[in-house]
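Understanding the architecture of this molecule
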There are 2 protein chains.
Amino acid sequence: MNAETRLARIETYHRLCREHGLRNTIQKRIILEAVLDHEAHPTADQIHELVLRANPDVSRTTVYRALENFVRLGLITKACHPGKVVRYDRRVDIHHHLLCLRCNRFVDFEDHGLDRLEIPDTSAVGFEVSDFSVQLRGICRSCRETTRREESP
Amino acid sequence: MNAETRLARIETYHRLCREHGLRNTIQKRIILEAVLDHEAHPTADQIHELVLRANPDVSRTTVYRALENFVRLGLITKACHPGKVVRYDRRVDIHHHLLCLRCNRFVDFEDHGLDRLEIPDTSAVGFEVSDFSVQLRGICRSCRETTRREESP
DNA sequence: TTAAGTGCAAAAGCTTTGCGGGTAG
DNA sequence: CTACCCGCAAAGCTTTTGCACTTAA
């Protein structure tokens, strides 16, 4: 995430705090920065670990609370994946994902063709769609290489 | 799920058991049928509840083990969603999802236009894509109605 | 016969909650 | 000042594991 986008997001955070009567505490600020600096799709606990480097006194509970807060404000999102632990995502714009069916690796994938996908009519089911994302499933490079090595030893 | 598809899946299960040297036990059979009969995206615990109706002696542990087994065999899949609990899906064919950003409702969505999406080139990242799915995010009917009621009381 | 599968109990891991005290606005 | 927020400890869920016993093939 480039410095400009990062700064803009932090400004948005301050604005949303003012608008919603929320407090801008040291802890929340550190937690937000930790998510923004994490490229992958971190769990609350992974964020907590990062946060501890900046301030060893921030509790796990506060991290859980702040992250849910940020999601509600639309500052970050939750990643949609098949695992059993919540993962957060600093990205709020349209992007897509690759999922490895063997090792569950879950990474971002950029493609302008996919971005231009035409959203179908969902009025029949009463849904008002605002956003979408394509998930591509398959086998990642390292898993394919592992398979090849096993098959021809 | 129509009776024909259901039967075919159970036959596939028997074939996969033979091919992999796995046993066809009463428990696994009941658990498989419970997933096939569940239209939504059930958790392991929801499946366990259903299973208990058919046989009150099947343990939760066995349900967890069997479901992971079925996923590995490709008999069922795991649903990709933002929650903190694993959800299973009896569907293994191409289909799409609607996610309500307010209440987290997560439902299937059929659209042949989306089915024909052209899979982009992922060779640069080393992924071999076999499958895809589109997730449409927005607000569901009942959440929109709740909002409207709150705004104009 | 024998390796896969099962149930139980216990452990492990993730997330939320209640509460007393702290602090930003 | 006061409403929001914090840290702690404890509870609440979900999921996995070790082990002795059972059973399908």
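As a reminder, the structure under discussion sits directly above these lines.
What counts and what doesn't
Residues numbered from 1 in each chain as written. Chains lettered and ligands numbered in written order. Predicted model: local features only at pLDDT ≥ 70, side-chain atom pairs only at ≥ 80, totals over all residues. Heavy atoms only, no water. Least-squares fit on C-alpha atoms with pLDDT ≥ 70 in both. Contact = heavy atoms within 4.5 Å. Near = heavy atom within 4 Å. Helix = DSSP H or I, 4+ residues; strand = E, 2+ residues; numbered from the N terminus. Nonpolar A, V, L, I, M, F, W, Y, C, P; charged D, E, K, R; others polar. Buried area = accessible area lost by both parts, 1.4 Å probe. Salt bridge = Lys/Arg side-chain N within 4 Å of Asp/Glu carboxyl O. Buried < 20%, exposed > 50% of the residue type's maximum accessible area, 1.4 Å probe, protein only. Polar contact = N/O pair within 3.5 Å; in protein donor to acceptor, adjacent residues only side chain to side chain. Pairing = 2+ DSSP bridges. Core = buried A, V, L, I, M, F, W, Y, C linked by side-chain atoms within 4.5 Å. Axes fitted to C-alpha atoms, helices over the stretch in contact; angles between N-to-C directions. Left-handed = near helix turned anticlockwise from the far one by under 90°. Phe/Tyr/Trp six-rings, centres within 6.5 Å; stacked < 30°, edge-to-face > 60°.

1. Focus: the relation of the copies chain B and chain A
Under the fitted operation, chain B is carried onto chain A by 0.0 Å of movement along the axis and a turn of 180°, and the coordinates agree to an RMSD of 0.1 Å. Put plainly, the chains are arranged around a two-fold axis. For chain B, the residue whose C-alpha comes nearest the rotation axis is V134 of chain B, separated from it by 2.2 Å. A high fraction, 100%, of the interface residues of chain B reappear at the interface in chain A, so the copies pair face to face through one surface.

2. A few points about the protein's contact with DNA strand D
What surrounds DNA strand D is a group of 21 residues, the closest being R23, T25, K28 and T62 of chain A together with Y64 of chain B. When residues of the surface near DNA strand D are traced back to their parent elements, those giving at least two are α2 (26-36) and α4 (60-73) of chain A together with α4 (60-73) of chain B. Here the surface near DNA strand D takes four residues from α4 of chain B, the largest share from any one element. Its residues assigned to classes, the surface near DNA strand D comprises five nonpolar, eight polar and eight charged.

3. Here's the deal with the interface of chain B and chain A
Contact with chain B, which involves 43 residues of that partner, is made by 43 residues of chain A. Considering only the surface of chain B that becomes buried against chain A, C80, F127 and R137 of chain B emerge as the three largest contributors, covering 19% of it. The interface formed by chain B and chain A includes four salt bridges. With its nearest N and O atoms 3.0 Å apart, the salt bridge here joins D131 of chain A to R137 of chain B.

4. Focus on unusual backbone geometry
All names here are of chain A. With a phi angle near 65°, N104 is a residue other than glycine that sits in the positive phi range. Structurally, N104 can be placed in the loop between β3 (96-100) and β4 (106-109). Owing to a relative accessible area of 48%, N104 belongs among the partly exposed residues under this scheme.

5. Some points on the pattern of salt bridges
Residue and element names in this part refer to chain A. Applying the stated rule across the entire model yields 22 salt bridges over all chains. Ionic pairing is found between R6 and D37, a salt bridge with its closest N-O pair at 2.8 Å. Of this pair, R6 sits in helix α1 (residues 3-20) while D37 sits in the loop between α2 and α3 (44-54), and the two are 31 residues apart along the sequence. Overall, the relative accessible area of 21% leaves R6 in the partly exposed class. Classification of D37 by relative accessible area gives partly exposed; the value is 47%. The salt bridge involving E19 is made with R15; its shortest N-O contact spans 3.0 Å.

6. Focus: the protein's contact with DNA strand C
Close to DNA strand C lie 21 residues; Y64 and V86 of chain A together with T25, K28 and T62 of chain B are nearest. Counting only atoms of DNA strand C within 4 Å of the protein, the fraction found in sugar and phosphate groups is 67%. Note that a phosphate oxygen of DNA strand C is positioned 2.6 Å from one of the side-chain N or O atoms of K28 of chain B. One of the backbone N or O atoms of D57 of chain B is found 3.0 Å from a phosphate oxygen in DNA strand C. Grouping the amino acids of the surface near DNA strand C by side-chain chemistry returns five nonpolar, eight polar and eight charged.

7. Examining the pairing of strand β5 (residues 128-139) of chain B
Of all 12 residues in β5 of chain B, nine are buried; the element is thus mostly enclosed. In the sheet, strand β5 (residues 128-139) of chain A pairs with β5 of chain B via 11 bridges, with the strands oriented antiparallel. Directly across from R137 of chain A, in β5 of chain B, lies its bridge partner D131 of chain B. Note that strand β3 (residues 96-100) of chain B and β5 of chain B share four bridges and pair parallel. Its bridge partner being in β5 of chain B, H97 of chain B is matched across the sheet by Q135 of chain B.

8. Examining the nonpolar core
Grouped together as the largest cluster of nonpolar side chains are 24 residues, with contacts concentrated most on L117, V134 and L136 of chain A together with L117, V134 and L136 of chain B. Looking at this core, the elements with two or more residues in it are β3 and β5 of chain A together with β3 and β5 of chain B. Setting aside anything within four residues of it in sequence, one finds L117 of chain B in contact with L114, L117 and V134 of chain A together with F132 and V134 of chain B.

9. Details of the packing of helix α1 (residues 3-20) of chain B against helix α2 (residues 26-36) of chain B
Residue and element names in this part refer to chain B. Between α1 and α2, whose axes approach to 11 Å, the crossing angle comes to 145°. The crossing of α1 and α2 is right-handed. Here R6, R9, I10, Y13 and H14 of α1 lie close against α2, whose contacting residues are K28, R29, L32, E33 and L36. Taken together, the residues of the contact of α1 with α2 break down into four nonpolar, one polar and five charged.

10. Focus: the packing of aromatic side chains
Two measures describe an aromatic ring pair: the distance that separates the ring centres and the angle between the ring planes. Residue and element names in this part refer to chain A. With the rule as written, the count across this model stands at two aromatic pairs over all chains. On the numbers, 5.9 Å between centres and 80° between planes, the contact of Y13 with F70 is edge-to-face. Of this pair, Y13 sits in helix α1 while F70 is found in helix α4, placing the two residues 57 residues apart along the sequence. Across this residue pair, the class does not change: Y13 and F70 are buried.

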